[in-house]
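So you can see what is in the structure, the chains are spelled out below.
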Amino acid sequence: MRRLSDNNEESKEPDQPQEPEEAEEVEEVEEVEESVEETEPVEEAQTTAVAPEEELLMPRDTLLSAGIHIGTRMKTGDMEEFIYRVRPDGLFVLDVKKTDERIRTAAKFLSRFEPSKIVAAAARLYAQEPVRKFCEVTGATPVIGRFIPGLLSNPLYPHRIEPEVLIVSDPRADAQAVKEAAAASIPVVALCSTDNEFSGVDLVIPTNNKGRRALAVIYWLLARQELREKGELPPDKDPPCAIEDFEAKISREEEET
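None of the values given here were measured: they were computed from a predicted structure.

A. Seen up close, the overall build of the protein. Helix and strand counts for the protein come out as 9 helices and 7 strands. For the protein, with 257 residues in total, the buried portion stands at 53%. Put simply, 65% of the contacts in the protein that link residues at least 6 apart link residues at least 24 apart. For the protein, the accessible area works out to roughly 12200 Å², and carbon and sulfur atoms hold 46% of it.

B. The arrangement of the nonpolar core in detail. Grouped together as the largest cluster of nonpolar side chains are 48 residues, with contacts concentrated most on Leu110, Phe134, Val189 and Phe246. Of all the elements, helix α7 (residues 212–230) adds the most residues to this core, at 11 residues. Excluding its chain neighbours within four sequence positions, the residues that come into contact with Phe134 are Leu110, Ala120, Gly139, Ala140, Ile167, Tyr219, Leu222, Ala223, Glu226 and Phe246. In this structure, Ile83, Val178, Ala181 and Val201 belong to the second largest nonpolar core, which totals 24 residues.

C. Just the pattern of salt bridges, in detail. Overall, the coordinates contain 14 salt bridges when judged by the stated rule. In this structure, the salt-bridge partner of Lys97 is Glu101, at a minimum N-O distance of 2.3 Å. Here the residue Lys97 and the residue Glu101 both occupy positions in helix α4 (residues 96–110), the gap between them amounting to 4 residues, near one helical turn. For Lys97, a relative accessible area of 26% corresponds to the partly exposed category. Lys210 is the salt-bridge partner of Asp195, the closest N and O atoms lying 3.3 Å from each other. In this pair, Asp195 sits in the loop between β6 (188–192) and β7 (203–206) while Lys210 sits in the loop between β7 and α7, placing the two residues 15 residues apart along the sequence. Here Lys210 falls in the buried class, since its relative accessible area comes to 1%. Residues joined by salt bridges that share partners form a network here, namely Arg172, Asp195 and Lys210.

What counts, and where the lines are drawn
Residues numbered from 1 in each chain as written. Predicted model: local features only at pLDDT ≥ 70, side-chain atom pairs only at ≥ 80, totals over all residues. Heavy atoms only, no water. Helix = DSSP H or I, 4+ residues; strand = E, 2+ residues; numbered from the N terminus. Buried < 20%, exposed > 50% of the residue type's maximum accessible area, 1.4 Å probe, protein only. Contact = heavy atoms within 4.5 Å. Areas by Shrake-Rupley, 256 points an atom, 1.4 Å probe, with all protein chains shown as cover. Core = buried A, V, L, I, M, F, W, Y, C linked by side-chain atoms within 4.5 Å. Salt bridge = Lys/Arg side-chain N within 4 Å of Asp/Glu carboxyl O.

Structure (structure tokens):
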């Protein structure tokens, strides 16, 4: 599938219909512990590339305290353009300004589609509640948990869906969804951290896609901006749901299962 920013690449040909098959269970253990999110806003504010506060969709300190800029200790060549620096502890730091820009771009793109034709997938535990609330606020269709093979690609599958655009919370965890969307020439909007690659992805939102608070903030901002682009929400108003409503409520026992 071609990237939205590249008109010269050819789209992939759809795969032949296949019967649903069993997929491997997505590992629910989060790769970045909650402690990673506990950053020092003052230090990051001095070193992370950001626009003046009034130009961002949310105050800079709020974004930093949510840890949306915190990546992993790995980086791919695809994500290099979105990385601002590497911390002394080895974690790569994302450019908050570019995250802000991509949320605006993605929201404008999503606003062109009927809400029912937008599907948002989330296999990771921390992404499931943010996706559920995003879909509740915007009218999109959620696909929570294990993505059943053939859901997009098999015309014989009785519960097959035919979206016009797909949002994924992590191209690696949601690999089956990305694969089927690419085969069906469905554009993919993906939340990508420093360790993600862009295969099958058309529009990247660089962000911490593993942290509980970070995912809540990103999906809340994306929902708000999409509604504003559609004219369903005034530019100075927020959705009825707070960021806390988007945040996953998971017990320690659930995290360990």
